[in-house]
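# Notes for the structure review
This is what each chain is made of:
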Amino acid sequence: MNILLSIAFVGAWSSGFIGAKLGSGSAPAVTLLMWRFLPLALVLGVVALTTTRASWRGLTSRDLVRQAAVGALSQSGYLLTVYYAIELGVSSGTTALIDGTQPLVAGALAGPLLGLPVSRTQWLGLGLGVTGVAVVTTADAGAATGVAWWAYLVPFLGMLSLVAATFLDRRSRTDVRPMVSMTVHAVTSAVVFTALAAATGTVAPPASGSFWTAVVWLVVLSTFGGYGLYWLILRRSGVTKVNTLMFLMAPVTAVWGALMFGEPFGTQTVVGLALGLLAVAVVHRGDRHDHHSRHDHHDRLRRTDRDRGDQDCQQPPAPEAVTPRRSAWHRARSSSPRPGRPVRATPTAGPGSG
């Protein structure tokens, strides 16, 4: 994975928690999200009708419905819970911590849902990451006052929503262009949040400058930066890698919150950040080792097959006792899948595919 791309993704995704904090004091979460997505959907809709019309060719109504479902889960459901939790008083660092448990859930489900193996080295990295984000925000969550206990359950719903969106997208066999998917997701979220704002009577935006600053911040950094890079890295590197980077969100958000809002920052944050960086390094190193091991294994198989072919050319024909039918049956039987063995899913392109 490109290092600069990963750094940009971590910074852009973390900016979403900071933007939510910026706007939480001036308007309800639904209002902020409505005005974040409504102008974005209009701009992307105009672009879709003009410069990117060719990207929509070949897509069926089923493909668009699937993308709308992915957008409803990964943007509407996920962001609403994050913003609402911060509005309830949960700190940005604690919200990022709960969101940081997503990689463990996604890694555990990658095998049964996608047929993608997760190595022991990757599990070690996932464990280190969970420990890191827990260390960063344990003290903050314990010291919180005036926050209802159930408020800490709200971000868990958003984390599960994003995990569901990830697997729903990865099971699709249609290669959807990035601008198409982002347009469908933005339009879906605009419709959802406008309906919620109208139902709750919170459509009108406040006149404060902090509200519109937060809107611009979220559109530029969080949507185009964080959300776009999420799907791009997912396409290039897979579920486990992109979700491992999520472990860095809580430490980075804690540092950012300390600089902008004076949130607590101490030794625990430093230790958590170090564990998060170590988790990413362990998972990526393990993945490279597994890749080289598989490559060497395939090379040995090819050399073995070539040697067998040379030997077959030099050996006399097989005796009459071994009939062609029996030999063919034996080969077919030995190459059949074993009962209960998981079938590896065919990798599919995600919305971030370019």
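Everything discussed here concerns the structure shown above.
Residues numbered from 1 in each chain as written. Predicted model: local features only at pLDDT ≥ 70, side-chain atom pairs only at ≥ 80, totals over all residues. Heavy atoms only, no water.

### Quick notes on the environment of S91
In this structure, S91 sits in the loop between α3 (61-88) and α4 (92-99). Sequence-wise, S91 and E263 are 172 residues apart; in three dimensions their C-alpha atoms are separated by 8.6 Å. (Helix = DSSP H or I, 4+ residues; strand = E, 2+ residues; numbered from the N terminus.)

### Section: the packing of aromatic side chains
Tallied over the entire structure, the rule returns eight aromatic pairs. Seen in terms of ring centroids, W13 and Y78 are 5.9 Å apart; in terms of plane orientation they differ by 40 degrees. Their pairing is tilted. Of this pair, W13 sits in helix α1 (residues 3-24) while Y78 sits in helix α3, and the two are 65 residues apart along the sequence. The same class applies to W13 and to Y78, which are both buried. Site record: aromatic cluster; members linked through ring pairs are F9, W13, Y78 and Y230. (Phe/Tyr/Trp six-rings, centres within 6.5 Å; stacked < 30°, edge-to-face > 60°. Buried < 20%, exposed > 50% of the residue type's maximum accessible area, 1.4 Å probe, protein only.)

### A closer look at the environment of A250
Position of A250 among the secondary structure elements: in helix α11 (residues 249-261). Looking at A250, the relative accessible area reads 0%, which means it is buried. Counting along the chain gives 19 residues from A250 to T269, while the straight-line C-alpha distance between them is 9.0 Å. Ignoring sequence-local partners within four residues, the contact set of A250 consists of G93, A96, L97, V133 and V136. (Contact = heavy atoms within 4.5 Å.)

### A word on the packing of helix α2 (residues 29-50) against α3
Where α2 meets α3, the closest approach of the two axes is 9 Å, and the angle between their N-to-C directions is 140 degrees. As the angle between them shows, α2 and α3 are arranged oblique. Two packed elements cross with a definite hand, and for α2 against α3 that hand is right-handed. On the side of α2, the interface is formed by A29, V30, L32, L33, R36 and F37, while α3 contributes Q75, L79, L80, Y83, Y84 and E87. Of the residues in the contact of α2 with α3, the class split is nine nonpolar, one polar and two charged. (Axes fitted to C-alpha atoms, helices over the stretch in contact; angles between N-to-C directions. Parallel < 35°, antiparallel > 145°, perpendicular 65-115°, else oblique. Left-handed = near helix turned anticlockwise from the far one by under 90°. Nonpolar A, V, L, I, M, F, W, Y, C, P; charged D, E, K, R; others polar.)

Scope: geometric values only; no functional claims are made or implied.
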